[in-house]
Structure formats: structure tokens, C-alpha cells
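What follows is each chain in one-letter form.
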Amino acid sequence: MPTAEALASFRRHLAGRRGRSGRITSPETVRACTSGLPTAFTGIVHLGEPASVGRDQLHTNIRGAWGGAAPSTFNAKRAALASALAYFHDQGWIGDPAAVLHGLDREHQPRPDDTRVRSRERIDRLIADKRRPLEDRTLWAVLYSTVARAEEVLSLNVEDLDRANHRARTIRIGPRVRRPRSWPSIRAVRMS
């Protein structure tokens, strides 16, 4: 099977496939899954080649194109290649796709830093940064000084504000009644 025809068939297969939700695959997903395949199969004219010498060419193409990219990018391109190879195998065009992928292992992806708490100094620097809009800096100051949820602060109305005492009445989660919350001096935010 010529590689160009096989890739076109795989693209049509993805475009007409229904996912678990019952929806047909979006054009964006089809594009994301198939955009790197012509690069991966550069120099491989027939699909029978990856089982022999073409396998090394395929690995060289993948490593050359995405070996220096972020691990998530490399892994996404490798996963798209694995999907295409599985489809080609199902059609009877190639042998075992695992044999073709052997040696082309997934890249290690470091876990994202889940540290959500920021130091008070870092927060103060962020709030004092005049390159940021005043509205954003005021919101951040209110959020961090009151420990209120963003939803509570963003849903405030002018009627809820007690500007003289720097307090606001918010609606809490559940059946709780409105409770007053205090906020920092807006003047302090402007001066910082």
C-alpha cells in the first residue's frame, strides 16, 4: 500500500469516526492527529517498509522532527503515529505496530508543580506591579486579603459594598446567609 494513500485513508477514517460521546471527530482533532504523519513517513514510499529498513527511517524522522520538542509534544506525535499504525494493522497493510514502535519510547513528562500557595512577598510584588491593570491588582488584593472565593468577589454588586468600613456582603456556598467580608484599602493598591 502506498504511504500517501494509507495516510489519506487514515484521515478519512478519523473524520468519520464517532467517539464515546457519539459525536463525530472534530476537524481540529483530525488535524492534530494527522498533521505530523507526513513528516513521520518522509522517505517511506510503501507501508511495508516500516517492518524492515523503513522502521529506522520512521524513528529517525520522529526524533529529528520532535526529539528536541517538549515531552508532551513528542508524546502526542508518537501517540498519533501509534494510532495510524494500529489502523494500518487493522487494514492488513502492516504487521505488528508494536514492533514498528519498539525503541521509540514515550518521553518522561515531569509532573506539574502543584504548589498553589504563593509567598506573601510574591503576592505583594504582583499587586504592586504597575504594568498590570488597576482592576486586576485590586481584585487580587481583595482575594488575598479576604480569602474569599473569586466567584464571591466577582459577583459583588455596588449595593453589597460598605465602602466606609471596607466591607462587603457576599453569598456563601450552601444555605448560609450573607456574611460581611472586609477588603483592603483600595487607596493602598493605587499607591503601590
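See the structure shown above.
Let us look at the structure shown here. Residue positions are given per chain, counting from 1 as you read along its sequence in written order. Where local features are concerned, this predicted model is filtered to residues with pLDDT of at least 70; where side-chain atom pairs are given and counted, the filter is 80 or more; whole-chain, interface and lining totals use all residues. Calculated side-chain values reflect all of the structure's heavy atoms, with hydrogen atoms and water omitted.

### Focus: the overall build of the protein chain
How we decide: What counts as a helix is a DSSP run of H or I of at least four residues, what counts as a strand is a run of E of at least two, and both are numbered from the N terminus. Only protein chains enter the accessibility calculation, which uses a 1.4 Å probe. A residue is then buried if its area is under 20% of the maximum for its type, exposed if over 50%, and partly exposed in between. Pairs of residues are marked as contacts when any of their non-hydrogen atoms sit within 4.5 Å. What sets the accessible areas is the Shrake-Rupley method with a 1.4 Å probe; for residues, cover comes only from the shown protein chains.
Assigned secondary structure in the protein chain consists of ten helices and three strands. Within the protein chain, the fraction of its 192 residues that count as buried is 30%. Counted over contacts in the protein chain with a minimum sequence separation of 6, partners at least 24 positions apart contribute 48%. For the protein chain, the exposed surface amounts to about 12900 Å²; the carbon and sulfur share of it is 52%.

### Notes on the pairing of strand E2 (residues 167-170)
Each regular strand carries side chains that alternate between the two faces of the sheet. Threshold: At least two DSSP bridges between two strands are required for those strands to pair.
Every second residue of E2 is oriented toward a common face, the buried set being Ala168 and Thr170 and the non-buried set Arg167 and Arg169. Sheet topology note: the strand E1 (residues 161-162)/E2 ladder contains two bridges and is antiparallel. Bridging from a neighbouring strand, Leu161 pairs with Ala168 of E2. Remark: four residues form the turn of the hairpin made by E1 and E2, two consecutive strands paired antiparallel; His166 in that turn has positive phi of roughly 55 degrees.

### Quick notes on the side chain of Lys77
Within the secondary structure, Lys77 sits in helix H5 (residues 71-90). Excluding residues that lie within four positions of it along the chain, Lys77 makes contacts with Ala32, Ser35, Gly36 and Trp66.

### So, the pattern of salt bridges
So the rule is basically this: The working definition used for a salt bridge is a side-chain nitrogen of Lys or Arg within 4 Å of a carboxyl oxygen of Asp or Glu.
All told, the structure shown has three salt bridges when counted by the stated rule. Between Arg120 and Asp124 there is a salt bridge, and its shortest N-O distance comes to 3.0 Å. Linking Arg120 with Asp124, this pair stays in helix H7 (residues 120-128), spanning four residues, or about one helical turn. Here Arg132 and Asp129 are joined by a salt bridge, their closest N and O atoms 3.6 Å apart. Judged by its relative accessible area of 15%, Asp129 falls in the buried class.

### Quick look at the packing of helix H1 (residues 3-16) against helix H2 (residues 27-34)
A pair of packed helices is captured by two measures, namely the crossing angle of their axes and the spacing between those axes. Threshold: Note on geometry: axes are lines fitted to C-alpha atoms, helical ones only across the stretch in contact, with angles between N-to-C directions running from 0 to 180 degrees. Roughly parallel here means an angle under 35 degrees, roughly antiparallel means over 145, roughly perpendicular means 65 to 115, and every remaining angle is called oblique. Put simply, a crossing is left-handed when the front helix is turned counterclockwise from the back one by less than a right angle, and right-handed when it is turned clockwise. Amino acids outside the nonpolar list (Ala, Val, Leu, Ile, Met, Phe, Trp, Tyr, Cys, Pro) and the charged list (Asp, Glu, Lys, Arg) are all regarded as polar, and Gly is one of them.
In the contact formed by H1 and H2, the axes pass within 9 Å of each other and the chain directions differ by 150 degrees. Overall, the two elements H1 and H2 adopt an arrangement that is roughly antiparallel. At the point where H1 passes H2, the crossing takes the right-handed sense. Along the contact surface, H1 presents Phe10, Arg11, Leu14 and Ala15, while H2 presents Val30, Cys33 and Thr34. When grouped by side-chain class, the residues that make up the contact of H1 with H2 number five nonpolar, one polar and one charged.

### Let's talk about empty space enclosed by the protein
We count it as follows: For cavity detection a 1 Å grid was placed over the protein atoms alone, and a set of points counts as a cavity when a 1.4 Å probe fits there but cannot get out; an open set counts as a pocket when protein lies on both sides within 12 Å along at least five of seven lines, with lining residues being those that have an atom within 4 Å of a point. Grid points are joined across faces, edges and corners, and a volume is the space filled by probe spheres set on the points.
Scanning the model with the defined rule gives two cavities of 30 Å³ or more in all. Taken as a whole, the second largest cavity holds about 40 Å³ of empty space. Together, Cys33, Gly36, Leu37, Ala40, Ile62, Trp66, Lys77, Ala80 and Leu81 line the second largest cavity. Those elements that provide at least two residues to the lining of the second largest cavity are helix H3 (37-40), helix H4 (53-66) and H5. The greatest single-element share of the lining of the second largest cavity, amounting to three residues, is contributed by H5. Residues that form the lining of the second largest cavity fall into these classes: seven nonpolar, one polar and one charged.

### Focus: the packing of aromatic side chains
As a reminder of what qualifies: The pairing test for Phe, Tyr and Trp rings, Trp by its six-membered ring, is centres within 6.5 Å, and the orientation test on the planes gives stacked under 30 degrees, edge-to-face over 60, and tilted for anything in between.
As enumerated under the stated definition, the model contains six aromatic pairs in all. On the basis of an interplanar angle of 40 degrees and a centroid distance of 6.0 Å, the ring pair of Phe88 and Trp93 is categorised as tilted. For Phe88, a relative accessible area of 0% translates into the label buried. Each member of the aromatic cluster is reached from another via a ring pair, and the members are Phe10, Phe41, Tyr87, Phe88 and Trp93.

### Comments concerning the nonpolar core
Applicable threshold: Definition used in this section: a nonpolar core is a set of buried Ala, Val, Leu, Ile, Met, Phe, Trp, Tyr and Cys residues joined via side-chain atoms within 4.5 Å.
Membership of the largest hydrophobic core comes to 23 residues, with the highest contact counts inside it found for Phe41, Leu81, Leu85 and Phe88. Every element with two or more residues in this core is listed here: H1, H3, H4, H5 and helix H6 (97-101). Ranked by the residues each element gives to this core, the list is headed by H5, at six residues. Excluding anything up to four places from it in sequence, Leu85 contacts Phe41, Ile94, Pro97, Val100 and Leu101.

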